[in-house]
Amino acid sequence: MIDRDLQGIGMTSRRTRERLVQRLRDQGVADERVLNAVIDTPRHIFIDEALSHRAYEDTALPISYNQTISQPYIVARMTELLLEGGPRNKVLEVGTGSGYQTAILGLLVDQVFSVERIRPLQEKARKRLQRLKLHNVMLRHTDGGMGWPDKAPFDGILVTAAPREVPQELLSQLAIGGCLVIPVGDEEQALKRITRTADDEYTTEVMEKVRFVPLLSGTVR
Ligand code: SAH
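Going by what an unreviewed UniProt entry lists, the protein is known as Protein-L-isoaspartate O-methyltransferase and is assigned to Marinobacterium stanieri. Under the UniProt heading Sequence similarities (unreviewed entry), the note attached to the protein is "Belongs to the methyltransferase superfamily. L-isoaspartyl/D-aspartyl protein methyltransferase family." As stated in UniProt under Catalytic activity (unreviewed entry), the record for the protein gives "[protein]-L-isoaspartate + S-adenosyl-L-methionine = [protein]-L-isoaspartate alpha-methyl ester + S-adenosyl-L-homocysteine".

And the structure:
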């Protein structure tokens, strides 16, 4: 059976997605694997129905609990930064939120582990990912500042909420050669890529200014 809602029509169609991808290209996103994943992923199912007609605008949108689905440009850019210098077989995402970034990762790497501190958001994300048949994604309700020690080491870690400082725990869960893509800061945030080059050697690249919701501690049921 064809799932019409999944395919989208009009403002939620594949054609609309192709226009979004052109915008991402114009802003410098160049990795074709990432751009194809954006074309293949129906962002409108990650947003409440009342806002779904805006799904392919290049903006962050509210997803309740004071959280937002990230702007498509930033999702694409962070994914591109994560994949560069790969391979990234096993990836941890901190901050599942709507699950949109999780879905994009699910199309591009072997295994995705994603943690979220707000249970109701996680449950909605789980349903969406099942609908897209992304069975290589594992979700966990936990405070992601601690990472997911049982599943470490990771070839890549992508954080979608901003801590004031880089959590040491996340650095220690990187494989050698793995990288952490993370927004860091308070009011002024910078997107950083930190690569583990040896057991206790890391290199940091500062990429661009960004704006994310804060990384908070503890969990919400
Ligand atoms: N990638 C998501 C971004 C959602 S916003 C999307 O595009 O939909 C960031 C998410 O990080 C929120 O859902 C928030 O609840 C979550 N978050 C914040 N601090 C966290 C923490 N310590 N552990 C896990 N998730 C956290």
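Digging into the nonpolar core
The biggest cluster of nonpolar side chains holds 46 residues, and the ones touching the most others in it are Leu-24, Val-38, Ile-69, Met-78, Leu-82, Tyr-100 and Val-181. When residues of this core are traced back to their parent elements, those giving at least two are helix 2 (14-26), helix 3 (32-40), helix 4 (72-83), helix 5 (100-108), helix 6 (119-131), strand 5 (137-141) and strand 7 (174-185). Broken down by element, the residue count for this core peaks at eight residues, all from helix 4. Among all residues touching Val-38, those that are not within four sequence positions of it are Arg-17, Leu-20, Val-21, Leu-24, Tyr-100 and Ile-104. With 15 residues, the next largest nonpolar core counts Val-115, Val-159, Leu-171 and Ile-182 among its residues.

Looking at the pairing of strand 6 (residues 154-159)
Counted residue by residue, strand 6 has six buried out of six residues, so it is predominantly covered. Here four bridges tie strand 3 (residues 90-94) to strand 6, and the two strands are oriented parallel to one another. The partner of Val-94 across the bridge, within strand 6, is Val-159. As paired strands, strand 6 and strand 7 are joined by four bridges and run parallel to one another.

Thresholds applied
Residues numbered from 1 in each chain as written. Predicted model: local features only at pLDDT ≥ 70, side-chain atom pairs only at ≥ 80, totals over all residues. Heavy atoms only, no water. UniProt positions renumbered as here; feature names shortened; annotations may be inferred. Core = buried A, V, L, I, M, F, W, Y, C linked by side-chain atoms within 4.5 Å. Buried < 20%, exposed > 50% of the residue type's maximum accessible area, 1.4 Å probe, protein only. Helix = DSSP H or I, 4+ residues; strand = E, 2+ residues; numbered from the N terminus. Contact = heavy atoms within 4.5 Å. Pairing = 2+ DSSP bridges.

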